[in-house]
Amino acid sequence: MTETMFIRRISPDTLETVGERTRITDYVTVNTATAHPHVLHDGTVLNMGSNFRHNKGPHYCIIQVPPSYDSEDTVFTKAKILLEIPCSLKLYPSYYHSFAITQDKIILIEQPLYLSMPRFLMSKFIRRNTIQGCLSWKPNIKVIF
């Protein structure tokens, strides 16, 4: 599992990968997704991703993927964006590794560790930084739930 736009299906019996990797961005408009999706009682999967190309600035997105039992096809063909939350700072979406859910709430913690979009964009063309090199700590900004 990883925080990129790619996922793999894994056999629960052998733990080997099954088929080709799935590129989430082929089905929903996100640039990243967490490594820790949540499975609801009915088998629906909720995951959180980021859309850095939203026309109103970066957004956090909740992705809903319906259950598909015993299917060889990717389940993402029926995936949709359930919810979009604008980032508090347009050039600095908060770094997140996971999110939480209750029976009736989705909980995102927007912490003061941010992905600096200016550094990120420059790293693609000039410096070749890692994601870690693009993170920015802003201790004077309060955590938002």
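These numbers come from a predicted model, not from an experiment. (Residues numbered from 1 in each chain as written. Predicted model: local features only at pLDDT ≥ 70, side-chain atom pairs only at ≥ 80, totals over all residues. Heavy atoms only, no water.)

Participant: Residues and numbers for unusual backbone geometry, please.
Facilitator: Excluding glycine, most residues fall at negative phi; most peptide bonds, likewise, are trans. One non-glycine residue with positive phi stands out, namely Leu15, at about 65°. Here Leu15 is to be found in the loop between strand E1 (6–10) and strand E2 (17–23). (Helix = DSSP H or I, 4+ residues; strand = E, 2+ residues; numbered from the N terminus.)

Participant: So what about the pattern of salt bridges? Which residues, and what values?
Facilitator: Tallied over the entire structure, the rule returns 2 salt bridges. For Asp26, the salt bridge identified is with Arg23, shortest N-O distance 3.9 Å. For Lys105, the salt bridge goes to Asp104, with nearest N and O atoms at 3.8 Å. (Salt bridge = Lys/Arg side-chain N within 4 Å of Asp/Glu carboxyl O.)

Participant: Just give me the short version of the packing of aromatic side chains, but keep the residues and values in it.
Facilitator: The final tally for this structure, using the stated rule, is 2 aromatic pairs. Between Tyr60 and Tyr96, the ring centres sit 5.9 Å apart and the planes meet at 80°, which makes this aromatic pair edge-to-face. Here Tyr96 lies in the loop between strand E7 (80–86) and strand E8 (100–101) and Tyr60 lies in strand E6 (residues 59–65), a separation of 36 residues in the sequence. Judged on exposure class, the residue Tyr60 and its partner Tyr96 are both buried. We note Arg21 situated over the ring of Phe6; from NZ or CZ to the ring centre the distance is 3.7 Å. (Phe/Tyr/Trp six-rings, centres within 6.5 Å; stacked < 30°, edge-to-face > 60°. Buried < 20%, exposed > 50% of the residue type's maximum accessible area, 1.4 Å probe, protein only. Lys NZ or Arg CZ within 6 Å of the ring centre and 35° of its normal.)

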